[in-house]
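Structural characterization, general
Chain residues, written in single-letter form:
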Amino acid sequence: MSETVNAVNEKWSSLLPSHEFDYQFLDSSFDALFDQEKRLGELFAIFAGLAIFISCLGLFGLTAFTLQQKKKAVAVRKVLGATVSNIVTLVSKDFLKPVVFGMLLAAPVAYFSMTSWLEGFAYNVGFEWIVFLYALAAGLAVAFITISFHCFKAAVTNPVNSLRQE
């Protein structure tokens, strides 16, 4: 590599001695063009992770609070023959509906902001609508994992203990 650069430098000096030979590699030029986008992506990733963590903490606390209030209702359902999966489905359905509603609300905003950001690039490939389905699936999975501890704990608890306390 250095031999080739030296040979080009010598040829340049012989042809244009009044101008200095200044070279750069194309890959480093492209990297410099996208440095700002890389930093912006890292910043978004950090703050998105922080927002997801804070929302999971809130959802975890809300689940604990709600199930503490519905302890008697869950116990009565268990006494009447509800299975663990029935109780988990019943409880988690109430918490997963706002996640779906939030995604439906955020999807158009995300679509328009992404298309306007991508228009600034010379070659943009756009993105498919399936990305929103992946985001919905990931959001539902994170929300279900967050609330599943309290759901399974409420479903497995002995109903006699819950009804005796009330």
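As the structure is a prediction and not an experimental result, all values here were calculated from the model.

Let's shift gears to the packing of helix H3 (residues 35–69) against helix H5 (residues 84–118). How two helices sit against one another is set out by the angle between their axes and by the gap between those axes. Orientation of H3 relative to H5, taken along the N-to-C sense of each, is 160°, at an axis distance of 12 Å. By the angle between their axes, H3 is roughly antiparallel relative to H5. The way H3 lies across H5 gives a crossing that is right-handed. From H3, Glu37, Leu59, Leu62, Thr63, Thr66 and Leu67 reach across to H5, where they touch Val91, Phe95 and Trp117. Of the residues belonging to the contact of H3 with H5, the class tally is 6 nonpolar, 2 polar and 1 charged.

With that settled, consider the side chain of Ser92. With respect to the element layout, Ser92 can be found in helix H5. Residue Ser92 is classed as buried on the basis of its relative accessible area, which comes to 6%. Polar side-chain contacts of Ser92 include one of 3.5 Å to the backbone oxygen of Thr89. Not counting the four nearest positions on each side in its chain, Ser92 is found in contact with Phe144, Ile147 and Cys151.

Let us look at the nonpolar core. Among the nonpolar cores identified, the biggest contains 13 residues, and Leu59, Ile87, Val91, Phe95, Ile147 and Cys151 are the most heavily contacted of them. Put simply, the parts of the chain that give this core at least two residues each are H3, H5 and helix H6 (130–156). Excluding its chain neighbours within four sequence positions, the residues that come into contact with Leu59 are Phe95, Ala143, Thr146 and Ile147.

So, about the layout of surface pockets. The computed volume of the largest pocket comes to approximately 830 Å³. Counting residues per element, the lining of the largest pocket draws most heavily on H3, at 10 residues. Classifying every residue of the lining of the largest pocket gives 21 nonpolar, 6 polar and no charged. Empty space within the second largest pocket amounts to approximately 270 Å³. In terms of lining, the second largest pocket is formed by 14 residues, of which the most central are Leu67, Gln68, Lys71, Lys153 and Ala154. Elements with a minimum of two residues in the lining of the second largest pocket: H3, helix H4 (71–79), H6 and helix H7 (159–165). A total of 4 residues in the lining of the second largest pocket trace back to one element, the largest contributor, which is H4. Of the residues in the lining of the second largest pocket, the class split is 6 nonpolar, 5 polar and 3 charged.

This part is about the pattern of salt bridges. Following the criterion strictly, the structure yields 1 salt bridge and no others. Across the pair Lys70 and Asp94 runs a salt bridge whose closest N-O atoms are separated by 3.3 Å. Taken as a pair, Lys70 in the loop between H3 and H4 and Asp94 in helix H5 lie far apart in primary sequence, 24 residues in all. Take Lys70: its relative accessible area is 37%, and that puts it in the partly exposed class. By relative accessible area, Asp94 is classed as partly exposed at 38%.

Moving on, we come to the packing of aromatic side chains. Two measures describe an aromatic ring pair: the distance that separates the ring centres and the angle between the ring planes. For the structure on display, the rule yields 3 aromatic pairs. On the basis of an interplanar angle of 55° and a centroid distance of 5.9 Å, the ring pair of Trp12 and Phe21 is categorised as tilted. Measuring from ring centre to ring centre gives 6.1 Å for Phe60 and Phe149, while their planes differ by 25°; the resulting arrangement is stacked. Of this pair, Phe60 sits in helix H3 while Phe149 sits in helix H6, and the two are 89 residues apart along the sequence. With relative accessibility at 34%, the residue Phe60 sits in the partly exposed group. Exposure remark for Phe149: the relative accessible area of 47% places this residue in the partly exposed category.

Reading the values: rules and limits
- Residues numbered from 1 in each chain as written.
- Predicted model: local features only at pLDDT ≥ 70, side-chain atom pairs only at ≥ 80, totals over all residues.
- Heavy atoms only, no water.
- Axes fitted to C-alpha atoms, helices over the stretch in contact; angles between N-to-C directions.
- Helix = DSSP H or I, 4+ residues; strand = E, 2+ residues; numbered from the N terminus.
- Parallel < 35°, antiparallel > 145°, perpendicular 65-115°, else oblique.
- Left-handed = near helix turned anticlockwise from the far one by under 90°.
- Contact = heavy atoms within 4.5 Å.
- Nonpolar A, V, L, I, M, F, W, Y, C, P; charged D, E, K, R; others polar.
- Buried < 20%, exposed > 50% of the residue type's maximum accessible area, 1.4 Å probe, protein only.
- Polar contact = N/O pair within 3.5 Å; in protein donor to acceptor, adjacent residues only side chain to side chain.
- Core = buried A, V, L, I, M, F, W, Y, C linked by side-chain atoms within 4.5 Å.
- 1 Å grid on protein atoms, 1.4 Å probe; cavity = no way out; pocket = protein on both sides within 12 Å on 5 of 7 lines; lining within 4 Å.
- Points joined across faces, edges and corners; volume = space filled by probe spheres on them.
- Salt bridge = Lys/Arg side-chain N within 4 Å of Asp/Glu carboxyl O.
- Phe/Tyr/Trp six-rings, centres within 6.5 Å; stacked < 30°, edge-to-face > 60°.

So far we have only geometry, and geometry alone does not tell us how the molecule works.
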